[in-house]
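Listed below, chain by chain, are the residues.
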Amino acid sequence: MSSSDTHAPNPHLAHHYETIEKQDYAVRLGMWLFLGTEVLLFAGLFLGYTVYRHFYHEAFHQASRHLDLWAGLTNTVVLITSSLTVALAYNAIKQGKTKLCAILLALTILCALAFLVIKGIEYNHKFQEGALPGKWYHYAEVTAPGANLYYTVYFLTTGLHAFHVIVGMSILIWILSRVLRGHFSESYYVPVELGGLYWHLVDLVWIFLFPLLYLI
Amino acid sequence: MAHEATDTHPSKDAHHGHGVGRYFLIWALLLVGTATTVITGRMDLGAANIFIALLIASVKATLVVLFFMHMTEAPGANRLVFVVSLVFSIVLMIGVFGDLWTRNPMTLPTGASTFDAPER
């Protein structure tokens, strides 16, 4: 069944693990632990959002109406679709379909790029309007007290999220290059799985960011 | 060491995987959730708005975690570390909400208008 049953060493097995099963178990647990810390990181930011929204709900309401809903909605659909393609890529490599996995990973990376381009256009628009954080705020359309705090929270949360998109995209590019070099098969696909998990987390964060920033 | 003993091990599906249809079904449900949250978000439902938005987001997030991230197949330890992070996020929020809801108006920052402030 697997090469770990024989005396021939499994090339993917690190020397400090007895079996590939133990290694896979530890690697997956480590990934979920890391994802847990990511949840805590974003929970802190969501909490900051909640506090300022509580104090300045009128400004938050008005400012959210000045975000580009269509850009946010398009990005939501793009990210959800990329979550589908990365899940399908994992499903494909589990069945040894290397070529299909590569195509699906490439589609995911394209979605990530599309997300960043749309986000960049949105950011550019905000820079031009002066809808900026803190003392740089000079947006004439929303003057309620606390509006600058909305944009502080907006740029912090979406900026950290966009950073995660860049990191996730880089990981997927690296995994795609390894898929193309034939490193993975139905008997070894853990890196594809973990890269996919990270990408799903990026989607998870946006699932909460979208309604909280665009739809309040 | 026996393979049969690792019942919850994700590699049990290694050689057949899931039907592709299930992934597309989850994707469709996520899109329906997105459309719903946009529609309800644009309606004026007062205080219910935020709860509906968070409810839909939580349902969408649960679908992603359970099926796209395969938590249904993950061993107990992996579920535990992730769920514990959610539990402690909620503990953090309860503590801070308790502060916000019980504040004396004099302690509010300048220009703040809280939901329950009578004058606005």
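Quick note: structure is the one above.
Residues numbered from 1 in each chain as written. Chains lettered and ligands numbered in written order. Predicted model: local features only at pLDDT ≥ 70, side-chain atom pairs only at ≥ 80, totals over all residues. Heavy atoms only, no water.

**Regarding the pattern of salt bridges**
Residues and elements named next belong to chain B.
Moving on, step 1. Going through the model one piece at a time under the given rule, you end up with 6 salt bridges over all chains.
Moving on, step 2. The residue Arg 22 makes a salt bridge to Glu 73 at a minimum N-O spacing of 4.0 Å. Here Glu 73 lies in the loop between α2 (48-68) and α3 (76-101) and Arg 22 lies in helix α1 (residues 20-42), a separation of 51 residues in the sequence.
Moving on, step 3. Here Arg 103 makes a salt bridge to Asp 99, at a shortest N to O gap of 3.1 Å.
Moving on, step 4. Given the relative accessible area of 31%, Arg 103 is considered partly exposed. (Salt bridge = Lys/Arg side-chain N within 4 Å of Asp/Glu carboxyl O. Helix = DSSP H or I, 4+ residues; strand = E, 2+ residues; numbered from the N terminus. Buried < 20%, exposed > 50% of the residue type's maximum accessible area, 1.4 Å probe, protein only.)

**Looking at the packing of aromatic side chains**
Moving on, step 1. According to the stated counting rule, one finds 25 aromatic pairs over all chains in the structure shown.
Moving on, step 2. An aromatic cluster of three or more residues is present, and its members are Tyr 49, Phe 60, Tyr 123, Phe 127, Tyr 137, Tyr 139, Tyr 150, Tyr 151, Tyr 154 and Phe 155 of chain A. (Phe/Tyr/Trp six-rings, centres within 6.5 Å; stacked < 30°, edge-to-face > 60°.)

**So, the environment of Leu 132 of chain A**
Residue and element names in this part refer to chain A.
Moving on, step 1. For Leu 132, the location among the structural elements is in the loop between α4 (98-129) and α5 (147-180).
Moving on, step 2. Exposure remark for Leu 132: the relative accessible area of 15% places this residue in the buried category.
Moving on, step 3. Apart from residues lying up to four places away in sequence, Leu 132 is in contact with Lys 126, Phe 127, Tyr 137, Asn 148, Tyr 151 and Phe 155. (Contact = heavy atoms within 4.5 Å.)

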